[in-house]
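Commentary on secondary and tertiary structure
Chain residues, written in single-letter form:
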Amino acid sequence: MSVKKRAYYRSALHAHLQAEWLLVLFAALAIALAVLDPRPLASYRHWLQLPTLAGLMGLLIAIQGIRDSGLVQHAAVAMVARAHSLRGLGLLLVSATALLSMVLTNDVSLFLIVPLTLAIGAVSNLPVLRMVVLEALAVNAGSTLSPIGNPQNLLLWQHSQLPFLHFAAAMLPAAAVMFVLVAAFTLLWLPRDRVALSPERIDGVVASSRLGTCSMAALVGMVLLMEYGQAPLGALLLLALFALLARSSLARIDWLLLLTFAAIFLGLGHFANLPLVHQALDRLDFGQPLTMYASGIVASQLISNVPATVLLLERTPDAIALAVAVNVGGFGVAIGSLANLIALRLAKQPHGLRLLHLVSIPFLLVCAPLVYLAWRWLG
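From a predicted model like this one, the values you see are computed outputs, not experimental measurements.

Conventions used here
Residues numbered from 1 in each chain as written. Predicted model: local features only at pLDDT ≥ 70, side-chain atom pairs only at ≥ 80, totals over all residues. Heavy atoms only, no water. Helix = DSSP H or I, 4+ residues; strand = E, 2+ residues; numbered from the N terminus. Rg over C-alpha atoms; globule rule 2.2 N^0.38 Å. Buried < 20%, exposed > 50% of the residue type's maximum accessible area, 1.4 Å probe, protein only. Contact = heavy atoms within 4.5 Å. Areas by Shrake-Rupley, 256 points an atom, 1.4 Å probe, with all protein chains shown as cover. Lys, Arg positive; Asp, Glu negative; His and termini not counted. Charge placed at Lys NZ, Arg CZ, Asp CG, Glu CD. Phe/Tyr/Trp six-rings, centres within 6.5 Å; stacked < 30°, edge-to-face > 60°. Lys NZ or Arg CZ within 6 Å of the ring centre and 35° of its normal. pLDDT = per-residue confidence, 0-100. Axes fitted to C-alpha atoms, helices over the stretch in contact; angles between N-to-C directions. Parallel < 35°, antiparallel > 145°, perpendicular 65-115°, else oblique. Left-handed = near helix turned anticlockwise from the far one by under 90°. Nonpolar A, V, L, I, M, F, W, Y, C, P; charged D, E, K, R; others polar.

Turning to the overall build of the protein chain, a few remarks are in order. Helix and strand counts for the protein chain come out as 20 helices and 0 strands. For the protein chain, the C-alpha radius of gyration of 21 Å lies close to 21 Å, the compact-globule estimate for 379 residues. With the C-alpha coordinates of the protein chain rotated into their principal frame, the extents come out at 60 × 55 × 40 Å. Out of the 379 residues belonging to the protein chain, those deemed buried represent 50%. Long-range contacts, defined here as pairs at least 24 residues apart, represent 81% of the contacts in the protein chain between residues at least 6 apart. If you sum the accessible surface of the protein chain, you get close to 18000 Å²; carbon and sulfur atoms cover 69% of it. Within the protein chain, the 14 negative side-chain charges are centred at a point lying 11 Å from the centre of the 22 positive side-chain charges.

And the structure:
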């Protein structure tokens with residue numbers, strides 16, 4: 001191999017590793033912990049969360065089909081044509097994201113809204129990256145209210161055995177404060193400009209009605225199968241269906257996102273089960289509301305809010321207190337909620353991680369004390 005070719009491949013590999021730094025980081029963490037603290041194979045299977053990965057794969061397949069059909073672009077053109085201001089359009093998207101996350105869970109709502117946002121940005125002057133960051137905040141706020149809005153709420157709802165409406169009512173003060181802050185920030189951060197169309201970029205024609213219809217049906221079916229604990233079956237059915245009918249859509253799926261989440265689950269799952277972590281937790285009094293609240297937020301910043309929930313679940317006498325804490329912990333650093341990573345990965349915008357942190361960390365610092373006061377006074 002020539003010197004030029006070797007240099008080219010080294011440069012390409014370096015660029016690829018930079019783009020996939022999250023995958024590299026957590027893969028290295030998982031490997032290092034496996035070497036330094038080996039565990040039985042069953043532990044790794046548990047940490048890998050195969051049903052979650054299968055659900056994510058099924059969603060990726062269905063949404064890629066919807067994108068390729070042209071339905072998203074068609075919806076984007078229709079929405080922009082009726083919008084007047086960027087702030088009004090932004091508030092509409094943020095509200096839709098929050099509402100969808102209450103019913104379809106936070107990740108599913110992002111899979112629907114972020115592609116729509118990208119399509120709107122392609123035909124208008126909407127600042128796409130700002131909008132995606134706002135949607136990442138909105139999905140954390142909206143999903144907080146619902147027992148089925150995100151994985152940590154579902155786990156705590158089932159663990160507490162509270163009635164659905166009782167759980168939602170207990171979470172209402174926290175969710176209301178979060179959404180009001182997100183809505184206010186949306187109005188402050190987005191420009192006052194009117195929506196301006198780019199006529200040369202407008203293409204609202206549905207390229208394949210058949211693919212769009214099948215993909216929408218696939219998405220609905222996948223969500224239902226996930227709801228009933230059959231995510232692996234749904235993912236296999238969609239994989240087979242698209243392999244037969246829309247193989248080109250499969251080729252365009254972001255498969256590395258699945259590997260990234262697998263590495264995150266293994267690395268963080270193992271880290272949360274280290275003896276040193278449990279020894280540190282044994283020193284804390286989780287019967288104190290402020291201790292519980294702060295611990296849930298800090299743990300979410302370190303290992304993400306779903307693993308933090310699992311880690312603290314048996315240590316707290318109050319499931320609602322933990323639910324409030326880990327949902328607030330979804331703000332802050334990107335790893336606080338895996339929904340943040342999904343939003344950034346779907347958007348694929350330059351400097352997305354940096355902008356998210358510039359917004360989300362101050363947002364957490366403002367939101368955390370206000371939510372705590374609202375929860376203690378009104379909860």
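This part covers the side chain of Asn-106. Residue position: Asn-106 is located in helix α7 (residues 106-123). Note on Asn-106: relative accessible area 7%, which makes it buried. Asn-106 has contacts with Ser-101, Val-139, Ser-143, Gly-149, Asn-150, Pro-151, Ser-337 and Ala-339, leaving out every residue within four places of it along the chain.

The subject of this paragraph is the environment of Pro-307. When you line up the elements, Pro-307 lands in helix α17 (residues 305-312). Along the backbone, Pro-307 and Gln-152 are 155 residues apart, and their C-alpha atoms lie at a distance of 8.5 Å.

Between two aromatic rings, the relevant description is the distance of the centres plus the angle of the planes. For the coordinates displayed, the defined rule picks out 8 aromatic pairs. Taking the centre distance of 5.8 Å and the plane angle of 65° together, the rings of Tyr-372 and Trp-375 count as edge-to-face. Of this pair, Tyr-372 and Trp-375 both sit in helix α20 (residues 352-378), 3 residues apart, which is roughly one turn of that helix. Residue classification places Tyr-372 among the buried residues on the basis of a relative accessible area of 17%. Residue Trp-375 is classed as buried on the basis of its relative accessible area of 8%. Here the aromatic cluster, defined as three or more aromatic residues joined through ring pairs, consists of Tyr-293, Tyr-372 and Trp-375. Lying across the ring of Trp-375, Arg-376 places its NZ or CZ 5.5 Å from the centre.

Should the pLDDT be low somewhere, the predicted coordinates at that spot are not to be read in detail. Averaged over every residue, the pLDDT of the protein chain is 86; the share at 70 or more is 92%. Highest mean pLDDT in the protein chain belongs to helix α8 (residues 128-145) (96); lowest belongs to helix α1 (residues 3-19) (48).

Let us now look at the packing of α8 against helix α19 (residues 338-347). Between α8 and α19, the shortest axis-to-axis distance is 9 Å and the interhelical angle comes to 155°. In terms of axis orientation, α8 runs roughly antiparallel to α19. The hand of the α8/α19 crossing is right-handed. In this structure, α8 contributes Val-132, Ala-136, Val-139 and Asn-140 to the contact, and α19 contributes Ala-339, Asn-340, Ala-343 and Ala-347. Among the residues forming the contact of α8 with α19, the class breakdown is 6 nonpolar, 2 polar and no charged.

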